[in-house]
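Residue-level structural notes
The chain contents come next:
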Amino acid sequence: MRELIERKEAARVTVTSGSGKAGPAGAGRESGVDQAVHAGRIRNVVLVGHSGSGKTTLAEALLSHTGAITRPGRVEDGTTVSDFDDVEIRQKRSVNLTLTPFAVDGVTVNLLDTPGYADFTGDLRAGLRAADCALFVAAATDGIDGVTRLLWDECAAVGMPRAVVITKIDHGRADFETVLAECQGAFGEGVLPLYLPVPSSAGAVGGLIGLLSETLYDYSSGARAIKAVTRATDTERMASARDSLIEGIITESEDETLMERYLSGETVPTSVLIEDLEKAVARGSFYPVLAVASPLGIGLAELLEIITQAFPSPLTHPLPAVSSAVSGSAVSGSALSGEDVDGLACDPNGPLLAEVVKTTSDPYVGRISLVRVFSGTLRPDAVLHVSGHGRVSRGHPDHDNDERVGALTSPLGKAQRPLSSCQAGSICAVAKLATAETGDTLSAREAPLLMEPWSMPEPLLPVAIVARSKADDDKLAASLARLVAEDPTMRLEMNAETHQLVLWCMGEAHADVLLDRLSSRYGVAVDTVSLRVPLRETVSCAARGLGRNVKQTGGHGEFGICHIEVEPLPSGTAGFEFVDKIVGGVVPRQFIPSVEKGVRAQLEAGVVAGYPMTGVRVTLFDGKAHPVDSSDMAFQKAGRAALRDAAEKASPMLLEPVDQVSILVPDEYVGAVMSDLSGRRGRVLGTSPVGVGRTQIRAEVPELEICRYSIDLRSVSHGTGSFTRGYLRHEPLPSHLAAKVAADSRPN
């Protein structure tokens, strides 16, 4: 695309150098960071792709190529700019959303590197919210799998303009043509290459053929050299691919006469094709494919042309829905009116509107918020409004607070380079916003606003934890609160029935990262324990029981005798009913509530395996009292004993919770998933098609069988399945399983 740069060079007023310090003429600079970049000269780009596709290596290569860093690091060595977290260095993979900005040809590129593993989809969606366009990365060695298709769908769901980058074309197992065909089959006809890799005389990748310029970009000498395409095989490949590319561009052109001119044999000028290509990419209707060998620098210059020339700026990206606050509600704790706010735009002089897309906690610096500014200008020491709503179910209570902005910085790995301001369209880091969490809206104190939150996946893997020591227990609550503020895909629950502290995670990798951070970052050691499913107990028939509490100790003794009857409530009825049928005062009025209190206490403690008893009616029909030794406590103990006696005679049984489960999988995995559900004592209620090639399976599955289903479904569906679950009812646990649970609950 050499013509693309040449065509616009005359209209550009820039200072350009290979040092990566290119910027608009007259732009202020501080510590090598652009301070007042016009939004039209900003590109917010998110890297998307499955784990191992080469996103982080590509980011390193781009930083090195533009002079932002002196030399690229390696994932294997733990020396990359974006993977600087201790967990990432140990695990040798990205687990965080990371900003790596650089400048090229007068354009500031905010490159957002996202994790490719499914457990960290939350950071991917945060990156999609902060960016205006995406580079979809696929490896020439791995091809396209189900996870890759899901990631493409994530981008498509938010209407993100995309380009496809096929990396690792220098690898011995690379097959560019096959992966390109897989991309076209998976993503549609709008996926077409702009360049084709060509081998050198030694057989390795030596350069790229530009299809629009019909030029060979030769990298065999280590530097980019422009040559003519001379080999017959290369000419033949170029001609075929170029025809397809031109047809694809013309198909997406806004000029309806262009196709007629092309079909009639008229030569369409390259400048027209480039202009239409730019527009189609910016609209998100055409997805150019580029080839890159990051370690060799092949394809980086061509990729940067697409980023700077074809990708849209923040000026053209629509803002998320915004609502306003009640007049005069800038005071902390105020409620929002929910009235829609229109007319906001990417204007540095407009009302302040920004969003926290990522929160991290540093043991020395404190909380650091990665912020995308959509409107207005963010400045240090300004007092603004922090608003967070709509995430109560995940342990994030609604909050509205006024806070003073700390220092503004532009992060590059661990380095934080100071900024004097952050204008609309830019991304920066803000220090010490004490109450701001991921997803919160930042706005002017005088005119609070709230942005519609982005969709977050539901964490479905429960992990029960306990503090290892008393010292750890003292620090656990504060450390977990920090993790919750950082990660909206994590949910913290103190189960009221099982009394366990449960972390709801996206998967095993997510759980490992959270536990690692508790230990390494906050110095809190915890152990994972077996998850207790909230079973319940009930009775299956009516029976009578005697509670006798008669003790003589030399002084005042204890005397309380009661006769009760227990019976099951009508099918499907939960809870507890207490019926008083005492006549003649055999149990004095003041002690009847004592019997009920004792019965309730025993119901909570259970009879069979220590689980709460429910769905029973208890009738008190007889008893005895002593004028001196009877007391409230005496009849409480009698009530407990009576319930134990009656329940043991009433064929007690355990009830297990049953969830309603909805599973979405590609059609080819429906049989495997349904077979797996049968092995989990699940009942399939039905299936229905969803879109093209996907099926939704509705089933009822005991909760005991799906504690780790997020992991198992990923295995069965090769990472392509997803599911939701919700409590439906309790049902009797099969006798052989109930006997095992009861045996396990008995003290040794």
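The structure under discussion appears in the preceding block.
Here's what I pulled together on the structure shown here. (Residues numbered from 1 in each chain as written. Predicted model: local features only at pLDDT ≥ 70, side-chain atom pairs only at ≥ 80, totals over all residues. Heavy atoms only, no water.)

**Brief notes about the overall build of the chain**
Helix and strand counts for the chain stand at 17 helices and 41 strands. Judged by the C-alpha coordinates and their principal axes, the chain covers about 110 × 60 × 50 Å. Taken over 748 residues, the chain has a buried fraction of 54%. Of the contacts made within the chain by residues no fewer than 6 positions apart, 72% connect residues no fewer than 24 positions apart. Here the chain displays about 31300 Å² of accessible surface, and carbon together with sulfur accounts for 51% of that area. Here the chain contributes 72 positive and 94 negative side-chain charges, whose respective centroids are spaced 6 Å apart. (Helix = DSSP H or I, 4+ residues; strand = E, 2+ residues; numbered from the N terminus. Buried < 20%, exposed > 50% of the residue type's maximum accessible area, 1.4 Å probe, protein only. Contact = heavy atoms within 4.5 Å. Areas by Shrake-Rupley, 256 points an atom, 1.4 Å probe, with all protein chains shown as cover. Lys, Arg positive; Asp, Glu negative; His and termini not counted. Charge placed at Lys NZ, Arg CZ, Asp CG, Glu CD.)

**Some remarks on the layout of surface pockets**
Size it by volume and the largest pocket reaches roughly 1100 Å³. Mapped onto the lining of the largest pocket, the elements with two or more residues apiece are α4 (121-130), α5 (146-157), β38 (652-666), β40 (694-702), α16 (709-716) and β41 (722-732). Considered class by class, the residues forming the lining of the largest pocket number 23 nonpolar, 12 polar and 8 charged. The wall of the second largest pocket is formed by 29 residues, among which Phe-84, Thr-360, Ser-361, Asp-362 and Ile-368 lie closest to the centre. Examining the composition of the lining of the second largest pocket, we find that 4 residues originate from one element, strand β18 (residues 353-362), more than from any other. (1 Å grid on protein atoms, 1.4 Å probe; cavity = no way out; pocket = protein on both sides within 12 Å on 5 of 7 lines; lining within 4 Å. Points joined across faces, edges and corners; volume = space filled by probe spheres on them. Nonpolar A, V, L, I, M, F, W, Y, C, P; charged D, E, K, R; others polar.)

**Comments concerning the environment of Pro-411**
Here Pro-411 lies in strand β23 (residues 408-412). Overall, the relative accessible area of 8% leaves Pro-411 in the buried class. For the pair Pro-411 and Cys-428, spaced 17 residues apart in sequence, the C-alpha to C-alpha distance is 7.2 Å. If we ignore the near neighbours within four places in the chain, the residues touching Pro-411 are Leu-99, Pro-101, Leu-370, Gln-416, Arg-417 and Ala-429.

**Thoughts on the pairing of strand β29 (residues 461-467)**
With 5 of its 7 residues buried, β29 lies for the most part within the structure. Sheet topology places β29 next to strand β31 (residues 501-505); 5 bridges connect them, and they run antiparallel. Bridge pairing links Ala-464 to Val-502 in β31. As paired elements, β29 and strand β32 (residues 526-529) share 4 bridges and run antiparallel to each other. Its bridge partner lying in β32, Val-466 is registered against Asp-527. (Pairing = 2+ DSSP bridges.)

**Focus on the packing of helix α2 (residues 55-65) against helix α10 (residues 300-310)**
Orientation of α2 relative to α10, taken along the N-to-C sense of each, is 90°, at an axis distance of 11 Å. Comparing the axis directions of α2 and α10 gives the class roughly perpendicular. Residues Leu-58, Ala-61, Leu-62 and His-65 of α2 pack against Leu-300, Ala-301, Leu-303 and Leu-304 of α10. Each residue belonging to the contact of α2 with α10 can be placed in one class, and the counts come to 7 nonpolar, 1 polar and no charged. (Axes fitted to C-alpha atoms, helices over the stretch in contact; angles between N-to-C directions. Parallel < 35°, antiparallel > 145°, perpendicular 65-115°, else oblique.)

**Things to note about empty space enclosed by the protein**
Evaluation of the coordinates by the stated rule reveals 1 cavity of 30 Å³ or more. Space inside the largest cavity adds up to approximately 160 Å³. Around the largest cavity, the lining is made up of 19 residues, and of these Asp-123, Lys-358, Glu-486, Asp-487 and Thr-489 lie nearest the centre. Of all elements in the fold, only α4, β18 and α12 (508-520) reach the threshold of two or more residues within the lining of the largest cavity. If you tally residues by element for the lining of the largest cavity, the top one is α12, at 4 residues. By residue class, the composition of the lining of the largest cavity is 8 nonpolar, 5 polar and 6 charged.

**Focus on the pattern of salt bridges**
Taken as a whole and assessed by the stated rule, the structure comprises 40 salt bridges. Close ionic contact of Arg-261 with Glu-266 constitutes a salt bridge, the shortest N to O distance being 3.2 Å. For Arg-261, a relative accessible area of 27% gives the class partly exposed. Judged by its relative accessible area of 38%, Glu-266 falls in the partly exposed class. The partner of Glu-700 in a salt bridge is Arg-683, and the shortest N-O contact between them spans 3.0 Å. With Glu-700 in strand β40 and Arg-683 in strand β39 (residues 683-689), this pair connects stretches of sequence that are 17 residues apart. Through salt bridges with shared partners, one network takes in Arg-683, Glu-700, Arg-729 and Glu-731. (Salt bridge = Lys/Arg side-chain N within 4 Å of Asp/Glu carboxyl O.)

**Section: the sheet that holds strand β14 (residues 225-228)**
Whenever strands of a sheet pair, they do so through backbone hydrogen bonds, lying parallel or antiparallel. The strand order across the open sheet built from 4 strands is β11-β12-β13-β14, with neighbouring strands paired in antiparallel fashion. Across the chains shown, the open sheet's two edge strands, defined by having one partner strand only, are β11 (195-199) and β14. Within the sheet, the average angular offset between the axes of one strand and its neighbour, ignoring direction, is 35°. Where strand β12 (residues 205-210) lies against strand β13 (residues 215-218), 4 bridges are found, and the strand directions are antiparallel. Across the sheet, residue Gly-210 finds its bridge partner in β13, namely Thr-215.

**A few points about helix α14 (residues 632-649)**
Across its 18 residues, α14 extends 26 Å between first and last C-alpha, which sits within 8% of the 26 Å expected from 1.5 Å per residue. Looking at α14, one finds that the buried residues are Ala-634, Phe-635, Gln-636, Ala-638, Gly-639, Ala-641, Ala-642, Leu-643, Ala-646 and Ala-647. Where α14 is buried, its residues meet β33 (536-539), β34 (543-551), β35 (558-568), α13 (592-605), β37 (616-624) and β38. Downstream of α14 by a residue or two, Ser-651 has a phi angle that is positive, lying close to 50°. (Expected span 1.5 Å × (residues − 1).)

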